[in-house]
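# A closer look at the structure
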There are 4 protein chains.
Amino acid sequence: MSSIYGRNIRLSLFGQSHSEAIGMTLDGIPSGIRVDRERLQHFLNRRAPGRNAWSTSRREEDIPEFLCGLKGDITCGAPLTAVIRNRNARSADYSEFIVKPRPGHADYTAELRYHGYQDPAGGGHFSGRLTAPICVAGGILLQELERNGIRVYARILRIGDISDDSPFLNPVPDQAFPVVDETAAMEMQKCVQAAKDRGDSVGGVVECVLEGMPGGLGDPIFDGVESRFAQILFAIPAVKGLEFGSGFSAAQMFGSAHNDPFCIRDDGRIGTVTNHAGGILGGITNGMPIIFRLAFKPTPSISVPQQTVNLQTMTEETLCVQGRHDPCIVPRAVPVVEAAAALAAYDLLLEVQR
Amino acid sequence: MSSIYGRNIRLSLFGQSHSEAIGMTLDGIPSGIRVDRERLQHFLNRRAPGRNAWSTSRREEDIPEFLCGLKGDITCGAPLTAVIRNRNARSADYSEFIVKPRPGHADYTAELRYHGYQDPAGGGHFSGRLTAPICVAGGILLQELERNGIRVYARILRIGDISDDSPFLNPVPDQAFPVVDETAAMEMQKCVQAAKDRGDSVGGVVECVLEGMPGGLGDPIFDGVESRFAQILFAIPAVKGLEFGSGFSAAQMFGSAHNDPFCIRDDGRIGTVTNHAGGILGGITNGMPIIFRLAFKPTPSISVPQQTVNLQTMTEETLCVQGRHDPCIVPRAVPVVEAAAALAAYDLLLEVQR
Amino acid sequence: MSSIYGRNIRLSLFGQSHSEAIGMTLDGIPSGIRVDRERLQHFLNRRAPGRNAWSTSRREEDIPEFLCGLKGDITCGAPLTAVIRNRNARSADYSEFIVKPRPGHADYTAELRYHGYQDPAGGGHFSGRLTAPICVAGGILLQELERNGIRVYARILRIGDISDDSPFLNPVPDQAFPVVDETAAMEMQKCVQAAKDRGDSVGGVVECVLEGMPGGLGDPIFDGVESRFAQILFAIPAVKGLEFGSGFSAAQMFGSAHNDPFCIRDDGRIGTVTNHAGGILGGITNGMPIIFRLAFKPTPSISVPQQTVNLQTMTEETLCVQGRHDPCIVPRAVPVVEAAAALAAYDLLLEVQR
Amino acid sequence: MSSIYGRNIRLSLFGQSHSEAIGMTLDGIPSGIRVDRERLQHFLNRRAPGRNAWSTSRREEDIPEFLCGLKGDITCGAPLTAVIRNRNARSADYSEFIVKPRPGHADYTAELRYHGYQDPAGGGHFSGRLTAPICVAGGILLQELERNGIRVYARILRIGDISDDSPFLNPVPDQAFPVVDETAAMEMQKCVQAAKDRGDSVGGVVECVLEGMPGGLGDPIFDGVESRFAQILFAIPAVKGLEFGSGFSAAQMFGSAHNDPFCIRDDGRIGTVTNHAGGILGGITNGMPIIFRLAFKPTPSISVPQQTVNLQTMTEETLCVQGRHDPCIVPRAVPVVEAAAALAAYDLLLEVQR
């Protein structure tokens, strides 16, 4: 089952970048959940392409059509399916890459996996376009989480060699380029523009916070909160690293500094003075905010000449990739990270009563 | 399903640190796989406690008893179950922690999840002791992977602020403290000893390589190789971060430097000049070595005084933890990482014929 | 996960009887499978309503639109999604049944499960209409099974008190009313017509055969062939019973008569003289034809007055149901049974190489 | 996953008839469930062999050893594992059947599935002995269901050509041979004895009732109550048929007679006048008793000469099977059916809060 996620809800993704449509089915979603379509569309627009300098010029409206699962705007308990038609597709751009796989792309591994039958157009099922239906599902659940007092918000922590270490306690107002420190934001945008001008791309780091998750969610060992989040977060294209709480810096710490002392919080509830655990101990939530960071590689779509291998002649060749691409995927990835986190969080939440 | 892993094989872990026994069942393991018990025991001894300065003084033989699934030393196709009896247990040490949860431990989250019914002795089901059955299962599969030309080996990359950046191309001879650079190894051991002398603990990073994995394994989106590995790797106690290939450093790179150029290798097969992808593109293996790194937090078991909350009186108190603990879990975690990687790799491999 | 089936392929169904569309996603379907759309449509027409005396007068073309998963007519390895638009819907017919549940229908249990949010129109997600996407998925796999030398065909064994005990060795020519013995067929149709004239309905039994399934498929205990088939066969609306091979008559037999003696068949391969086992021993196929029978209750949609309870007033009332219904679902169920069997068989077949 | 059952709890079975031990792990069982070991043992004794004329003379005490998952007699939330040692095993009896498979047994299909590596002793993993751990798990859950006001009880409905059609409203006092009508019971026992005297065996039907299950449990389509029960019920060795409520007799009924009219029951709650639905409509419980019947084939172990094929010489031969066997498995199957039903029911119940 390659494109299905969840234990209590089941998200099934389908579609290729240039197929008739892409979409998703949310199976097992409880009845009685309201879908605010306007807010959902606003959320989807944060991910939609073609809206600014650091995004591909391929423009798609990304308006979901709900085929079933709703009665009016309320879920009826049946699987919820929404599709997005693909309109602005240029398949001609991609015919070459079956023979000459693009470095950093899935062209070559798709060939190994699907034996020539894969759909190369726009990256097929591997395309970042598949993150649109993730945002449809996640956007609906973000609304429901908010009704349950749970806030999920992410920010750009780093692009290239520019990082923003300001504290992150609230959603960032500028949703198109969500960086806390405005000076850092400007530097980052310069960095992206410079890469674009060179026909190059650049990577970055996204940080996400989930506030208000109840304690006691998750299971030890293989179904721990980290494992559940990791499965969907590593499904986001270009993600190469994931850390919770102190993450890799924990490796350099001593226990006396890393252990989060328990305390009585102002609201009288139990919490921890610090949150190196990122809200998770033994795979189970402790009631503190869940915090994680995702490393995104630079998008592999660049126009500078690269070396590849011609799979027919089995000779090394130079490849020059044209087409429309993001010089930096990170800004558009932010809502995708929020959506994926919402899916993992809501799936967990459905176990709370047990 | 909190303690079951795998799609084609199903590993089920059971046991608490101080229960009669701990163990595992491997369901769906094919028939005809030979178990070299001597080599398996040697592998288990690498993880077993009580063997050196940086390990807990709790000594367990960790000799697995196979209850079923074998005919002689060959799997018969039925579920393979092995148990390890717990002998050297001192439950008295732990009674206190139901009321006064230890910072950094799962005492508090276990209370939230199991409502007072959890078994606190030795950390119960959350104990690092549960990695022993992971090593029994993984140790068997490591033997089978080797028969298929696949090598899995890990090393200590960092402990505290000492790292070893030497290239990692082969298993490290010293399996008790597997570091490539001997000077770095000595520095790391000093760091661990210093922490131990202070009643403190220290974290680290483990790097693992899988050589010889065929290309074309894995699926796009939610069942990608990263997602499958992540589920089991984050199940290893104390893991807070995971990165594949270039990982978090990819965030600072440009596409022109990060994309791995395809090439014809000396053996005439297709490969890549660099391996920033860590052997995975679009969630599918490309035939290059799979490389990942795991960040381990310092073990929370320390004897310096710490602040906690008394759950009965709801007052903040100072806690001094006695008992037998590892000042640094990283050396003993190395075989666990190899075992977990073998489980994920073998589970993937069972799909190769499809 | 209420509407997902399969271990190796994953069939996800979605849609309500009167929603925009109904459809299915086949996830994990291998690449390279050809879809003969003309043959598929012919197969779907066998199930489609409104074509004869014993079928509802609701007429739907049931032409699937493939949204993704194909390159031309060949699967590309990505999830395959097809939708069927609902056109000839009359929702007005159903508004009453939220308050006055129809006996034998899911109106009342849907209320208990979905708390008033369910979509009652046309039975919502419970409607027999959901068997159309089962036939789209199964119809595609029936073609692929045939390419692998596997034939799947079913017949009407009984309607009401008329049964046809003739041997069943080949598909029945008359696919609209597939009964081997023509006299029995005429009697059955009379029985259906008589029920229809009374505003009543009648039940029946369908028998299905799978020829050419290799031996050695399936697993002991919970993933036996019977268990795998049972999960999808009991998902067909109105099915109340399932038996394999000798089934319930085995209860009246002695072992000496029931055990199938092994023999060398004319083709030199091992078989059994009789086939009381229905091709399955210990949950695993033995190479003989798989044979099963399904009992269908009379469709609950009848127009004679019935007693129900008004959920608002909590009083017993008499209900008279209008609307368009099948007096006997059995003839249209035959292709659905073949499709469901094909899904179970193909899912099994993907494990053959293991 | 061949030997794992459940969505919310996960039952993992392991062991072969003559391996060191057989056993089970219940993963995901909630904390706080009390295990009355005495009542559990009494329940296990109903299934244990060697206690009367119609049971194999192989005598096993079947006393489970709990390895983990309990704190005292209360579940602690960790996986619950219990093992039963195999003592009275005579492996010599079985060596012959690898070459000469017994008709009606899994000898031949095990050979096809496991390629000569299978453990033939006592039927290996296919043995009815594996129903003992099912009874350990189910016996624990039967106690918990009872605490929740749910009663599960089964009876022998038929053996050979003798059936007992008396109404079944309460557990039968004689648990060793649970038949309501004592005259029928005597006739059945004569039938079993006669078969035994001839070295033959005989089949039968078991009927099971679940009282007190709340309405609204289950899901439409593939996770309907029938599908969930069917997966575990068909896992019981020798089961060839399953029907719910009116089952196969529904095929002969008209809708006007089959539809269960809704009514207000004496307790003021909604029920149905009849219960042809067997407590399930649209895959969801309606609050009426769940009723199902299972057809058991005659146990294939008979001592009369039978025809088989010698897999080495590929010639037809006559086989005479010795060894200790049940002439009729049905009486000992009754508690197994109750245990399996309890597992399915409890797994369902864990979804009730959703």
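Residues numbered from 1 in each chain as written. Chains lettered and ligands numbered in written order. Predicted model: local features only at pLDDT ≥ 70, side-chain atom pairs only at ≥ 80, totals over all residues. Heavy atoms only, no water.

This next bit is on the overall build of chain A. Along the backbone of chain A there are seven helices and 18 strands. By the compact-globule yardstick of 20 Å for 354 residues, chain A fits well, its C-alpha radius of gyration being 21 Å. Along the longest, intermediate and shortest principal axes, the C-alpha atoms of chain A span 70 × 50 × 35 Å. The proportion of buried residues among the 354 residues of chain A is 67%. By sequence separation, contacts in chain A at least 24 residues apart represent 69% of the contacts at least 6 residues apart. (Helix = DSSP H or I, 4+ residues; strand = E, 2+ residues; numbered from the N terminus. Rg over C-alpha atoms; globule rule 2.2 N^0.38 Å. Buried < 20%, exposed > 50% of the residue type's maximum accessible area, 1.4 Å probe, protein only. Contact = heavy atoms within 4.5 Å.)

Turning to the relation of the copies chain B and chain A, a few remarks are in order. Between chain B and chain A, which share one sequence, the superposing operator has a rotation angle of 180° and an axial displacement of 0.0 Å; the RMSD is 0.0 Å. Taken together, the turn and the small shift mark the pair as related by a two-fold rotation axis. When the interface residues of chain B are mapped onto chain A, 100% of them again fall at the interface, so both copies present the same face. (Least-squares fit on C-alpha atoms with pLDDT ≥ 70 in both.)

Time to look at the packing of aromatic side chains. Aromatic ring pairs: the centre-centre distance and the angle between the two ring planes describe each pair. All names here are of chain B. Scanning the entire structure with this criterion turns up 30 aromatic pairs over all chains. Ring geometry for Tyr153 versus Phe168: centroids 5.1 Å apart, planes at 80°, classification edge-to-face. Of this pair, Tyr153 sits in strand E8 (residues 151-159) while Phe168 sits in the loop between strand E9 (162-163) and helix H4 (182-197), placing them 15 residues apart in sequence. With a relative accessible area of 2%, Tyr153 lands in the buried category. For Phe168, a relative accessible area of 9% corresponds to the buried category. (Phe/Tyr/Trp six-rings, centres within 6.5 Å; stacked < 30°, edge-to-face > 60°.)

Here we take up the sheet that holds strand E2 (residues 10-14) of chain A. All names here are of chain A. One open sheet accounts for five strands, arranged E1-E2-E3-E7-E4; its pairing is antiparallel. The open sheet has two edge strands, strand E1 (4-5) and strand E4 (65-68), and neither has a second partner. Where E2 and strand E3 (residues 21-27) come together, five bridges link them in antiparallel fashion. By the bridge assignment for E3, Leu11 is matched with Leu26. (Pairing = 2+ DSSP bridges.)

With that settled, consider the pattern of salt bridges. Within this structure, the stated rule accounts for 108 salt bridges over all chains. The salt bridge involving Arg102 of chain A is made with Asp107 of chain A; its shortest N-O contact spans 2.7 Å. Between Arg228 of chain C and Asp219 of chain C there is a salt bridge; the shortest N-O distance is 2.8 Å. You'll find Arg228 of chain C and Asp219 of chain C in the same group, each marked buried. Where salt bridges share partners, they join Arg7, Asp219, Asp223, Arg228 and Glu351 of chain A together with Arg113 of chain B into one cluster. (Salt bridge = Lys/Arg side-chain N within 4 Å of Asp/Glu carboxyl O.)

Attention now moves to the packing of helix H1 (residues 37-47) of chain D against helix H7 (residues 330-349) of chain D. Residues and elements named next belong to chain D. Running from N to C, H1 and H7 point in directions that differ by 130°, and their axes come no closer than 6 Å. With respect to their mutual orientation, H1 and H7 come out oblique. Across from Phe43, Arg46 and Arg47 in H1, the residues of H7 making contact are Arg332, Val334, Pro335, Val336, Glu338 and Ala339. (Axes fitted to C-alpha atoms, helices over the stretch in contact; angles between N-to-C directions. Parallel < 35°, antiparallel > 145°, perpendicular 65-115°, else oblique.)

Okay, the sheet that holds strand E4 (residues 65-68) of chain B next. Hydrogen bonds between backbone atoms are what pair the strands of a sheet, whose relative direction is either parallel or antiparallel. All names here are of chain B. Strand order in the open sheet made by the five strands is E1-E2-E3-E7-E4, with antiparallel pairing throughout. Looking at the sheet topology across the chains shown, the edges are occupied by strand E1 (4-5) and E4. Bridge count between E1 and strand E2 (residues 10-14): two bridges; the pairing is antiparallel. Considered in E2, the bridge of Tyr5 is made with Leu11. Sheet contacts for helix H3 (residues 131-147): E2, strand E3 (21-27), E4 and strand E7 (80-85); angle to E3, the most-contacted strand, approximately 35°.

Contact residues are listed per partner, giving 100 residues for chain B and 100 residues for chain A. When chain B packs against chain A, the two sides together hide about 7,800 Å² of surface, and 65% of this comes from carbon and sulfur. Contact with chain A buries surface across chain B, with Phe222, Lys240 and Phe262 of chain B losing the most and accounting together for 12% of the total. One can count four salt bridges joining chain B with chain A. A salt bridge links Lys240 of chain B to Glu226 of chain A; the shortest N-O distance between them is 3.9 Å. Applying the counting rule to chain B against chain A returns 37 residue pairs in polar contact (both at pLDDT 80 or more). With six residues, strand E11 (residues 239-244) of chain B is the single largest residue contributor to the side of chain B that touches chain A. Residue classes in the side of chain B that touches chain A are distributed as 54 nonpolar, 31 polar and 15 charged. Strand direction decides the pairing type here: strand E11 (residues 239-244) of chain A and E11 of chain B, joined by three bridges, are antiparallel. Residue pairing across strands places Leu242 of chain A opposite Leu242 of chain B, the latter belonging to E11 of chain B. (Buried area = accessible area lost by both parts, 1.4 Å probe. Polar contact = N/O pair within 3.5 Å; in protein donor to acceptor, adjacent residues only side chain to side chain. Nonpolar A, V, L, I, M, F, W, Y, C, P; charged D, E, K, R; others polar.)

Contacts between the two partners involve 42 residues from chain B, matched on the other side by 42 residues from chain D. One salt bridge connects Glu65 of chain D with Arg85 of chain B, and the closest N-O pair in it is separated by 2.9 Å. Counting across the interface, chain B meets chain D through 16 residue pairs in polar contact (both at pLDDT 80 or more). If you list the elements that add at least two residues to the side of chain B that touches chain D, you get E2, E3, E4, strand E5 (70-71), strand E6 (74-75) and E7 of chain B. For the side of chain B that touches chain D, the class distribution of residues is 18 nonpolar, 17 polar and seven charged.

Along helix H2 (residues 107-114) of chain B, six of the eight residues are buried, which leaves the element largely enclosed by surrounding structure. For H2 of chain B, every residue scored as buried is listed here: Asp107, Tyr108, Thr109, Ala110, Arg113 and Tyr114 of chain B. The elements touched by buried residues of H2 of chain B are strand E12 (262-264), strand E13 (270-272), strand E14 (280-281) and strand E15 (284-285) of chain A. Two residues or fewer past H2 of chain B, His115 of chain B is found with a positive phi of approximately 55°.

This part takes up the environment of Leu141 of chain A. All names here are of chain A. The residue Leu141 is located in helix H3 (residues 131-147) in this model. For the pair Leu141 and Ala345, spaced 204 residues apart in sequence, the C-alpha separation works out to 9.0 Å. Not counting residues within four places of it along the chain, the set of residues in contact with Leu141 comprises Ile9, Ile29, Ala342, Leu343 and Tyr346.

Attention now goes to H3 of chain B. Residues and elements named next belong to chain B. Along its 17 residues, H3 runs 24 Å from first to last C-alpha, staying within 8% of the 24 Å computed at 1.5 Å per residue. Burial runs high along H3: 15 of the 17 residues are buried. Just past H3, the residue Gly149 takes up positive phi, approximately 75°. (Expected span 1.5 Å × (residues − 1).)

Counting 167 residues, the largest nonpolar core has Phe229 and Phe292 of chain C together with Phe229 and Phe292 of chain D as the members making the most contacts within it. Contacts of Phe229 of chain D, omitting those with residues within four sequence positions, involve Tyr5, Leu210, Phe244, Ile290, Phe292, Ala341, Ala344, Ala345 and Leu348 of chain D. With 166 residues, the next largest nonpolar core counts Leu11, Leu40, Cys135 and Val179 of chain B among its residues. (Core = buried A, V, L, I, M, F, W, Y, C linked by side-chain atoms within 4.5 Å.)

A word on the pairing of strand E18 (residues 315-319) of chain C. Residue and element names in this part refer to chain C. In the sheet, strand E17 (residues 306-310) pairs with E18 via five bridges, with the strands oriented antiparallel. Note on E18: the bridge partner recorded for Val309 is Glu316. In this structure, the hairpin formed by E17 and E18 is closed by a connection of four residues, where Met314 is found at a positive phi of approximately 50°.

Turning our eyes to something else, we now look at the confidence of the model for chain A. Looking at chain A, the pLDDT average stands at 93 and 94% of residues meet or exceed 70. Scoring of the predicted complex yields 0.97 for pTM and 0.96 for ipTM. (pLDDT = per-residue confidence, 0-100.)

A separate point is the relation of the copies chain B and chain D. You can overlay chain B on chain D at an RMSD of 0.0 Å; the transform is a turn of 180° with a shift of 0.0 Å along its axis. Interface residue correspondence from chain B to chain D reaches 100%, placing this contact among same-surface, isologous pairings.

Assignment of secondary structure puts Asp36 of chain C in the loop between strand E3 (21-27) and helix H1 (37-47). When the C-alpha atoms of Asp36 of chain C and Leu233 of chain C are compared, they prove to be 25 Å apart, with 197 residues separating the residues in sequence.

What the rule picks out here adds up to zero disulfides over all chains. Free of any disulfide, Cys135 of chain D has its nearest cysteine sulfur in Cys208 of chain D, 12 Å distant. (Disulfide = S-S within 2.5 Å.)

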